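These are the residues of each chain, in order.
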Amino acid sequence: MSSFWAEHAWLPSGLARSVRLVVDDGRFVAVEPRAARQPNDVKLRGVVFPGLANAHSHVYQRALRGRTQSVGDNGIAWRVRMYDVADRMTPELYLALARATFAEMALAGFTVVGEYHYLHHGPGGKPYADRNLMGGILAQAAAEVGIRLTLLDTLYLSGGLTSEGHLPLAGVQQRFSDGSVEAWAARAAGIEQTDLLRRGAAIHSVRSVPKEDAAYAVQLVGDRPLHVYVSEQTAENLACQMYYGLTPTEWLADIDALGPELTAVHATHLTERDISLLADTECQVVVGHVLLGSCSMRGYRSGSAPTSTPSSTRSSNCVSWKCTNVWTAASAAGSPPGSSFGAVRCMAIRVWAGTTAARSPQGCSRTSSPSIWSRPGPPAARRPK
Ligand SMILES: [Zn+2]
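Residues numbered from 1 in each chain as written. Predicted model: local features only at pLDDT ≥ 70, side-chain atom pairs only at ≥ 80, totals over all residues.

Okay, the overall build of the protein chain next. A tally of regular secondary structure across the protein chain gives twelve helices and 13 strands. Each of the 385 residues in the protein chain was classed as buried or not, and the buried ones make up 45%. Long-range pairs, those at least 24 residues apart, make up 69% of the contacts in the protein chain between residues at least 6 apart in sequence. (Helix = DSSP H or I, 4+ residues; strand = E, 2+ residues; numbered from the N terminus. Buried ≥ 20, exposed ≤ 12 C-beta atoms within 10 Å, placed from the backbone. Contact = placed C-beta atoms within 7 Å.)

Shown next as structure tokens:
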């Protein structure tokens, strides 16, 4: 048990004075405003804010910072650079990037991160002697920094999706793949949970995992957190529709993946039915796409996901979407890590500006408030391409 006394703290009711915080076994057990300081309380000066959660991260992409702005809206060119970085990644470099990225997150106020981890193997897809070497590096870096990690160990089996079906893995994609659902599950099971590490899972996307494999993976994951890229690009939607006759969200519904444990990442190009499916099943959504260095990549971020967010997922989005994109947006802009709150406001304004709904711009500055997720009246306007 440890206790703190804050001069000021930001509580759900707003700013409060003289707040006593009691922590037991890693959790708050008491938050008492207008409380007197006790002899053993650690005094916290200034204003204490709740920790932020970053729901979507790839630490290796920190090496992309400042290297992708020139590609503009060209998603394919962006991916080529991203693959180039992934191809060069060594365990030593991965550790250095993970330490630096997690440390910057911690300094910016993040206390928990979900790492979408698919860089599993060595060059050519050859497994390391320790098959969880790369995941272990993430765990080590997070522990050193003191940030809690949800390791979203990612299933990745195919090189893409066209109207003809799934493509074979190519080039660096071989580093991402375990070859089968069984091999992925067996390897990921070797990662040990600790106080600072929670085991989660990800199905990379409808592009990278055939549907029958994804259905099996959903069964194996059980009630652990499961993340999936959903409708990240219009091309992905088109391929999914042509080959499977479904939107990516319908594809997930078909394999019984939808539910509170599922987080749809990006969810940029959803249909109204998709939104209903996600809302009715109480899915989480990490909305928006501002990967490191890709702020201007309209090919990915165009669309209206944040403004059409289902009301029932509103509050979870409010945390997960903001934090994910705040971090990456701040990094991309070359801002110091401490500017995350400013980046949250920046992203919130983007959301607000992308809708025709009459919503208060003041709401955008209240970034911790669900008010920015108020369901717009008229349909959300799409950004010009
Ligand atoms: Zn991502």
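Let us keep going from here.
Moving on: unusual backbone geometry. A positive phi angle, close to 45 degrees, is found at S18, a residue other than glycine. Looking at the secondary structure, you find S18 in strand β2 (residues 14-24). Its identity is not glycine, yet E282 carries a phi of approximately 60 degrees, on the positive side. Residue classification places E282 among the partly exposed positions, given that 15 C-beta atoms sit within 10 Å.

Take helix α5 (residues 211-221) next. When α5 is considered as a whole, its buried residues turn out to be D213, A214, A217, V218 and V221. Seen along its axis, α5 keeps its buried residues to an arc of 145 degrees; they face one direction. α5 presents E212 and Q219 as exposed residues on the side facing more than 90 degrees away from its buried surface. Directly after α5, the chain includes G222, whose backbone phi takes a positive value near 65 degrees. (Arc of directions from axis to C-beta.)

The next thing to look at is the sheet that holds strand β1 (residues 2-11). For sheets, the rule is that strands pair by backbone hydrogen bonds, running either parallel or antiparallel. With respect to topology, four strands assemble into an open sheet ordered β3-β2-β1-β4, the strand pairing being mixed. Each end of this open sheet is capped by a strand with a single partner; those strands are β3 (27-32) and β4 (42-48). Taken pair by pair, the neighbouring strands of this sheet meet at an average axis angle of 25 degrees, ignoring direction. Strand direction decides the pairing type here: β1 and β4, joined by five bridges, are parallel. Its bridge partner lying in β4, W5 is registered against K43. (Pairing = 2+ DSSP bridges. Axes fitted to C-alpha atoms, helices over the stretch in contact; angles between N-to-C directions.)

Glancing now at helix α2 (residues 91-107). Counted at 1.5 Å a residue, the expected span for α2 with its 17 residues is 24 Å, and the 24 Å between its end C-alpha atoms agrees. Of the residues making up α2, those classed as buried are L97, A98, T101, F102 and M105. Summarising the axial view, the buried residues of α2 lie within an arc of 120 degrees, below the 170-degree limit, and thus occupy one face. Once α2 finishes, G109 follows within two positions and takes phi at roughly 105 degrees, a positive value. (Expected span 1.5 Å × (residues − 1).)

Grouped together as the largest cluster of nonpolar side chains are 69 residues, with contacts concentrated most on L138, A142, L155, V228 and A264. Among the elements that take part in this core, helix α3 (residues 133-145) stands out by supplying seven residues, more than any other. Dropping the residues within four chain positions of it, L138 is found in contact with V59, A98, E115, H117, L149 and L151. (Core = buried A, V, L, I, M, F, W, Y, C linked by C-beta atoms within 7 Å.)

Now for the pairing of strand β11 (residues 226-230). Here β11 lies mainly inside the structure; five of its five residues are buried. On β11, burial covers both faces: L226, V228 and V230 on one face and H227 and Y229 on the other are all buried. Pairing of strand β10 (residues 197-203) with β11, which is carried by three bridges, proceeds in the parallel orientation. For I203, the partnering residue across the bridge sits in β11 and is V228. Note that β11 and strand β12 (residues 262-266) share five bridges and pair parallel.

This part takes up the pairing of strand β7 (residues 148-155). Every regular strand shows the same layout, with side chains that alternate between the two sheet faces. In terms of residue burial, β7 counts as a mostly covered element, since eight of its eight residues are buried. Where the polypeptide runs from strand β6 (residues 110-117) across α3 and back to β7, its parallel neighbour, the crossover connection is right-handed. Here seven bridges tie β7 to β10, and the two strands are oriented parallel to one another. Counterpart to L149 in the pairing with β10 is L197. (Right-handed = clockwise from strand over helix to strand, strands pointing away.)

Here we take up the confidence of the model for the protein chain. Of all residues in the protein chain, 74% attain a pLDDT of 70 or more, and the chain-wide mean is 79. Scored below 50 in pLDDT, residues 288-339 shows 164 contacts in the model against residues more than four places distant or in partner chains. Contacts of residues 351-385 to residues separated by more than four positions or lying in other chains number 61 contacts, the stretch itself having pLDDT below 50. (pLDDT = per-residue confidence, 0-100.)

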